[in-house]
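One letter stands for each residue in the lines below.
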Amino acid sequence: MDAFEIVDRIEEFLEKSKRIPFSSNIIVNENEIYDLLDELRNILPEELKQSRWIVKERENMVEEAKRYSERMVKEARERAEVLVSETEILKDANKKAEELMSAVEARARTIRLEAEDYADEKLANLEAVLHKLLTAIEKGREQFRGDMSSGNK
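What counts as what
Residues numbered from 1 in each chain as written. Predicted model: local features only at pLDDT ≥ 70, side-chain atom pairs only at ≥ 80, totals over all residues. Heavy atoms only, no water. Helix = DSSP H or I, 4+ residues; strand = E, 2+ residues; numbered from the N terminus. Contact = heavy atoms within 4.5 Å. Phe/Tyr/Trp six-rings, centres within 6.5 Å; stacked < 30°, edge-to-face > 60°. Lys NZ or Arg CZ within 6 Å of the ring centre and 35° of its normal. Expected span 1.5 Å × (residues − 1). Buried < 20%, exposed > 50% of the residue type's maximum accessible area, 1.4 Å probe, protein only. Arc of directions from axis to C-beta. Core = buried A, V, L, I, M, F, W, Y, C linked by side-chain atoms within 4.5 Å. Salt bridge = Lys/Arg side-chain N within 4 Å of Asp/Glu carboxyl O.

Q: Explanation requested: the side chain of Ser 51 in the structure shown.
A: Mapped onto the elements of the fold, Ser 51 is located in helix H2 (residues 30-83). Setting aside residues up to four positions removed in sequence, Ser 51 forms contacts with Lys 122 and Leu 123.

Q: Got a minute to help me understand the packing of aromatic side chains in this structure?
A: For any pair of aromatic rings, the description consists of the separation of the ring centres together with the inter-plane angle of the planes. Going through the model one piece at a time under the given rule, you end up with 0 aromatic pairs. Over the face of the ring belonging to Tyr 118 we find Arg 58, whose NZ or CZ atom lies 4.8 Å from the ring centre.

Q: Even after reading the chapter, I still don't get the side chain of Gln 143, so can you show me in this structure?
A: Here Gln 143 lies in helix H3 (residues 87-152). Sequence-distant contacts of Gln 143, that is, excluding residues within four places in its chain, are made with Ser 24, Asn 25 and Ile 26.

Q: Help me understand helix H1 (residues 3-16), please; the structure alone is not making it clear to me.
A: Two residues of an α-helix separated by three or four positions point the same way, owing to the 3.6 residues in each turn. With 14 residues, H1 extends 20 Å from end C-alpha to end C-alpha; this agrees with the ideal 20 Å at 1.5 Å per step. Of all the positions in H1, only Ala 3, Ile 6, Val 7, Ile 10, Phe 13 and Leu 14 are classed as buried. For H1, the angular spread of buried residues about the axis comes to 120°, placing them on one side. Residues Glu 15 and Lys 16 are exposed on H1 and point more than 90 degrees away from its buried face.

Q: Can you walk me through the nonpolar core in this structure?
A: Soluble globular proteins tend to bury their nonpolar side chains together. With 17 residues, the main nonpolar core has Ala 3, Ile 10, Leu 14, Leu 40 and Leu 133 as its most contacted residues. Only H1, H2 and H3 provide two or more residues apiece to this core.

Q: Even after reading the chapter, I still don't get the pattern of salt bridges, so can you show me in this structure?
A: Once the charged atoms of two side chains with opposite charge are near each other, the side chains can pair. Following the criterion strictly, the structure yields 6 salt bridges and no others. Here Arg 9 makes a salt bridge to Glu 39, at a shortest N to O gap of 2.9 Å. With a gap of 30 residues between them, Arg 9 in helix H1 and Glu 39 in helix H2 connect regions that are remote in the sequence. On the accessibility criterion, Glu 39 (30% relative accessible area) is partly exposed. Of the charged contacts, one joins Glu 11 and Lys 132 as a salt bridge, the two residues approaching to 4.0 Å between their closest N and O atoms.

Structure below.
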């Protein structure tokens, strides 16, 4: 079960809770809501760990692409040096090395941006879940406080 499913269960629990007549307040079984919150607490660290792993994997991919591009540039330069016998050959080799470097840098930049977008999307999803949960908890607490204050009178 993931965090979204637990948030859905909390919302469903709140929707099915008994309403207090003539008010917008509901009666909530405290133990049940705390059980759901405990489940959410147990799942969130794993999902955060997965998000961190994804970011680390993306960083590794960017680093690998950078190493690859450096190796390719080095190989292109080495090949150019071996082939240097005339000025035209040298010019051609330099041009190809620069094109290769530009292409590899562009690819590395694309991979890095995709990794950042992916990580941002995952973190945004997690933020949305946490926001929904916080909102549900705040509503529950407000209703609980309302029940307490109206019950004390």
